[in-house]
Structure formats: C-alpha cells, structure tokens
Amino acid sequence: MTLPLTNRLNHLLNKKPISMHVPGHKNMTIGYLSALKMEMDMTEITGLDDLHQAEDVIAQSMQHIDKHPDYDAYFLVNGTTSGILAVIQSFAKVKGAYLIARNVHKSVFHALDLAHGSSRLLKMHISNKTKQYVGPDESALKTQVVKAKLAVFTYPNYYGECFDVASTIKYMKAHDIPTLIDEAHGAHFNLTGFPKSTLNMGADYVVQSYHKTLPSLTMSSIIFIHKQAPLRESILKYLSYFQSSSPSYLLMSSLELAHEFYKTYDSKVFFEKRTQLIKVIEDKGMHIINVDDPLKLNVQCDGYTGIELQTLFENKEIYVELADTNQVLLVLPLWHKDDQFPFDDLLMRIQGMDIEHRDPFEETYLPFYNEEGIYDSREINKIKKISIDEAHNEILATNLVPYPPGIPVMLKGEIITRNMIELMHYWRNHQIRVEGMKDNKIEIKDE
Ligand SMILES: Cc1ncc(COP(=O)(O)O)c(C=O)c1O
C-alpha cells in the first residue's frame, strides 16, 4: 500500500509529539471530542437536516451558539475563509471601495480578486514587541473612510495583540460603514481573563475559527451576523456557493461540542498551568513577550533566532505554531480539569532542552513595509519572472506572503520600491518561506 500521508502522520504520532499549535484540541487532549464517533460522518439523510437550508436539528444546533443576543450564528465547514469570501462577495455590487487593514489574511485578498473590488489599504501601527502590524493608524482611517462600503479588520493579530477595535467600529458606524472583523484567533475571547470579543462592540460580521483556539475539528468555524447587519440573505447565499455541498457532520458536531466547552469553561486551571509553564521556560534562560491574549506565548532567547529556537523545541518533539526571526509563538492549550494534555511531560521536555548561554544579538534594522495603498484585484495576464535585484519600479504580479503567518505583505499591482527589495533580501537572508518568491525570483507584470 502506498500511503505517504497516513504513514507520515503515524510516524509523527509515534514520536508522541506535544502540540503548542492549532487546532485547539491539541492532538485530542483538550475538550470533549472523544464524544465524536467516526460513524457520525453522515450526510443529509432523513432527520439530519441540511446546512444549506437549515430548518431542523442543524438550525437548533446553530441557535445554541448564543454568544451574544444581537447575533445569529452560522456553522462554517470550510473555515473562516468561507465566511470572509461570502461577506466580501456580497458587497461586490455595492458602490464604493473596500477598506482593508494591511494585516488581513490572504483569504481577504482572494475574496477581493473574486469580487473585482477596488480597495484601499490602510497604514497600520506596528508593535514594538513583535514587529507585527496591530491596528489601523487613526489618521489613515480619517483620510480613507470617504465612500468606503465595507471595512475589514483583523482582531487580534496572529501573535495575540489587540488594538482599540471598539473605537474603530464606533468610528465606522458613525460613517455608516459596516465592519467585518476577522476574529479567527479569538474564538475563546470573553472567557474570564481573556480579551473582549468584538461581539460586544457591535461589529456587523464577526468570523471566528473555533478550530484554532477551542477544541473543535480543523476547518470548523462560525460566522456571527448582527441582527441589524445589511445583506444577510446574500451572505447566506454565497456561503452555500463557497462551502461544500456535503458539509461534514463531524465538523458540525465538533462545533457543538466546542461551544459547550466554551460555555462551561473555568479558566482557573489554565492560568495556574500557564504560570508554571512560564517559570520553567524562564528558568531555561528564555524570555516571554507578554501580549494581550494570554493564550499566546511569544518566546525569545538571547542570541537565538526564532527559527533556531523552533529546532530546539522540535528536538524534544514539541511543535510550535510558528517561528520568525525574533521568536517562536506557542498557542497554549485551554487546560481544564481532567484534560488529557501531557503537561508534566511538557515541563520535563523543556527542562531538558539544550540551550546555551549566548550574548544578545545587536539591535538590527528590520525593514518594514507599511504604506497606504491600493490593492489591484484585476487579473494580470502577462507575467514574467525576474530576480529581486532587477525588480525596482516594476509592478508586482503576485502577492508576497511570508508563511506563516500567511499575511500578504506586498500586493499584486504595487510598484516595487527599494524598501520592498530590501525586505525581500531580508526574508531571503533569514530563510523565511515566502509564497510568491522562489529562488530569489518574483513575478512581475510583463508590459
Ligand atoms: C487572521 C486569519 N484569518 C483567517 C484565517 C483563515 O481561517 P481558516 O483556517 O479558519 O479558514 C486565518 C488562518 O490562519 C488567519 O490567521
């Protein structure tokens, strides 16, 4: 039998990996997914309703996702991606431009391509701690808000940093602009000790990847639509276009179980274990960069790049969410009473990590690209590949997306500046994997 993927997964599981990454069930050690049976992988037979026209048991189940009385919840079986595609597509025929935070996920740009939408990219604040985009620059909002039809923000960012999104939503409301909040990393928000969700702030559409931080199966997400939000019917129509016509009952059932977990969650155990874990990490000479979301631990160590740290963790079969030049990002489990997570083993493996004392790196200049701009969603038909050294003043033909976190930094249609080339060199020199850049080459418009 040739089963390369199955064999690889089995090989990995045999090494007893410890998950410090998504999905939130952490190799099935957190939450209630043991209640799922593989035989539940069914289809729309009598009695099982139909996600695309839910009237019976699926409708009841979705009504149970009652995080806030102002919102209706709908299951997504093709991830938060499908919710983002549906909302943006629904606004395609509305006059005006999309207003886009620069740190939106690539699914937003894919949606803009499909909707042929003209969009304005907002200048952002950059975090001193993680060197990532956080929230929109307020003065950029003021200049770009005119004749916008939908604003899209990511909250929190991948690294667990928040911004004053309540004021941003309020500002948008004052200008009659609906907001889509990509809360992919915030399904656990509003639990005691965690940041507030934008469901408390009147956002029009909020999309949460339950699978990332809560214990549900990968690809299971929820879109919350405010009862007063425009275009609900159109969004539901496009959800049926962008999602499988055979929605997985396993995914939907896992959402129900994850929501039950959320509703009954007591975060006391989480915060106790988090404190213990941080102590063990710090005793090894690593530092924690504290961010708004306690579920995210950004770990740095003097003299080590994040990529090197990742290898040290992986040598102990501890798998992190991502590594960049500065740090590794751990997504902590929502530990709970009677969970199956190998916590003591985790502490022992970290205590056994091979970390040597090194001097800190000298502060180096990190080039960053952060300007207001326009995203050109039109197809570029004639394309050629050139070396990044020859790219000055050319027009970029494909988005450049460092992965992870999967956020496009340079966008199709942008004129390539020296600053952008400098950043491309930086990625190459630090061996950062960038979708759209290969062997030191990128695609440009061939006029
Ligand atoms: C900020 C953000 N938005 C959206 C998505 C897409 O979510 P999903 O994987 O649920 O489709 C991701 C996935 O990594 C993300 O990081």
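Residues numbered from 1 in each chain as written. Predicted model: local features only at pLDDT ≥ 70, side-chain atom pairs only at ≥ 80, totals over all residues. Heavy atoms only, no water.

Novice: Would you mind going over the site of the ligand with me for this structure?
Specialist: Lining the immediate environment of the ligand, one finds Gly79, Thr80, Thr81, His105, Thr154, Asp182, Ala184, His185, Ser209, His211, Lys212 and Ser221. A distance of 2.9 Å separates an oxygen atom of the ligand from a polar atom in the backbone of Thr80. Between Ser209 and the ligand, the recorded distance is 2.8 Å, taken from a side-chain N or O atom to an oxygen atom. The protein chains hide 88% of the 390 Å² of surface that the ligand would expose on its own. Of all the secondary structure elements, the ones that give two or more residues to the shell around the ligand are helix H3 (79-90) and helix H7 (210-213). For the shell around the ligand, the element with the highest residue contribution is H3, accounting for 3 residues. Across the shell around the ligand, the residue classes tally to 1 nonpolar, 9 polar and 2 charged. (Near = heavy atom within 4 Å. Polar contact = N/O pair within 3.5 Å; in protein donor to acceptor, adjacent residues only side chain to side chain. Areas by Shrake-Rupley, 256 points an atom, 1.4 Å probe, with all protein chains shown as cover. Helix = DSSP H or I, 4+ residues; strand = E, 2+ residues; numbered from the N terminus. Nonpolar A, V, L, I, M, F, W, Y, C, P; charged D, E, K, R; others polar.)

Novice: Please explain the sheet that holds strand E21 (residues 441-445) as it appears in this structure.
Specialist: Two orientations exist for strands paired in a sheet by backbone hydrogen bonds: parallel and antiparallel. Taken in spatial order, the 3 strands line up as E17-E21-E20 in an open sheet, and their pairing is antiparallel. Among the strands making up the open sheet, the edge pair consists of strand E17 (383-387) and strand E20 (437-438). In terms of strand pairing, E17 meets E21 through 5 bridges, oriented antiparallel. Within E21, the position partnered with Lys385 by the bridge is Glu443. (Pairing = 2+ DSSP bridges.)

Novice: Would you explain the environment of Arg120 in this entry?
Specialist: Mapped onto the elements of the fold, Arg120 is located in strand E4 (residues 119-122). A distance of 2.4 Å separates a polar side-chain atom of Arg120 from the backbone oxygen of Gln144. Of the polar contacts made by the side chain of Arg120, one reaches the backbone oxygen of Val146; its length is 2.7 Å.

Novice: Could you clarify how one ought to interpret the packing of H3 against helix H4 (residues 106-115) in this entry?
Specialist: Two measures define how a pair of helices packs: the angle their axes make with one another and the distance between the axes. In the contact formed by H3 and H4, the axes pass within 9 Å of each other and the chain directions differ by 35°. Crossing of H3 against H4: the hand is right-handed. Here H3 contributes Thr81, Ile84, Leu85, Ile88 and Gln89 to the contact with H4, which in turn contributes Ser107, Val108, His110, Ala111, Leu112, Leu114 and Ala115. (Axes fitted to C-alpha atoms, helices over the stretch in contact; angles between N-to-C directions. Left-handed = near helix turned anticlockwise from the far one by under 90°. Contact = heavy atoms within 4.5 Å.)

Novice: I keep staring at the pattern of salt bridges and nothing clicks. Help me out?
Specialist: Two side chains with opposite charge may pair up if their charged atoms get near one another. According to the stated counting rule, one finds 14 salt bridges in the structure shown. Where Lys227 meets Asp72, a salt bridge forms, and the shortest distance between an N and an O atom there is 3.5 Å. With Lys227 in the loop between strand E10 (221-226) and helix H8 (232-242) and Asp72 in strand E2 (residues 71-76), this residue pair connects regions lying 155 residues apart in the sequence. A relative accessible area of 24% places Asp72 in the partly exposed class. For Lys279, the salt bridge is made with Asp283, and the minimal N-O distance between the two is 2.8 Å. Of this pair, Lys279 and Asp283 are both found in helix H10 (residues 268-283), 4 residues apart, which corresponds to roughly one turn of the helix. One connected set of salt bridges, linked through shared partners, spans Asp72, Lys227 and Arg232. (Salt bridge = Lys/Arg side-chain N within 4 Å of Asp/Glu carboxyl O. Buried < 20%, exposed > 50% of the residue type's maximum accessible area, 1.4 Å probe, protein only.)

Novice: Even after reading the chapter, I still don't get the packing of aromatic side chains, so can you show me in this structure?
Specialist: In total, this model carries 16 aromatic pairs according to the counting rule given. Ring centres of Phe91 and Tyr205 lie 6.1 Å apart, and the angle between their planes is 75°; this geometry places the pair in the edge-to-face category. Separated by 114 residues along the polypeptide, Phe91 in the loop between H3 and strand E3 (97-101) and Tyr205 in strand E9 (residues 205-208) bring together distant segments of the chain. With a relative accessible area of 3%, Phe91 lands in the buried category. With 4.9 Å between their ring centres and 65° between their planes, Phe109 and Tyr375 make a pair best called edge-to-face. Here Phe109 is found in helix H4, whereas its partner Tyr375 is found in strand E16 (residues 373-375), with 266 residues between them in sequence. Comparing Phe109 with Tyr375 shows no difference in burial state: the two are buried. Connected via pairs of aromatic rings, a cluster forms that spans Phe194, Phe270, Phe271, Trp335, Phe341 and Phe343. The lysine or arginine in question, Lys67, covers the ring of Tyr262, its NZ or CZ lying 4.3 Å from the ring centre. (Phe/Tyr/Trp six-rings, centres within 6.5 Å; stacked < 30°, edge-to-face > 60°. Lys NZ or Arg CZ within 6 Å of the ring centre and 35° of its normal.)

Novice: It is not clear to me how the pairing of strand E12 (residues 296-300) should be interpreted in this structure. Could you clarify?
Specialist: The side chains of a regular strand alternate, residue by residue, between the two faces of the sheet. Most of E12 sits inside the fold, with 5 of its 5 residues counted as buried. Looking at chain direction, strand E11 (residues 287-289) and E12 are connected through 3 bridges and run antiparallel. Across the sheet, Ile289 pairs through a bridge with Asn298, a residue of E12. The hairpin turn running from E11 into E12, its antiparallel successor, is 6 residues long. Where E12 lies against strand E15 (residues 328-331), 4 bridges are found, and the strand directions are antiparallel. Bridged to Lys296 within E15 is Val331.

Novice: Please clarify how the pairing of strand E6 (residues 133-136) should be interpreted in this entry.
Specialist: Inspection of the sheet shows strand E5 (residues 124-126) paired to E6 by 2 bridges, in the antiparallel sense. Residue pairing across strands places Met124 opposite Pro136, the latter belonging to E6.

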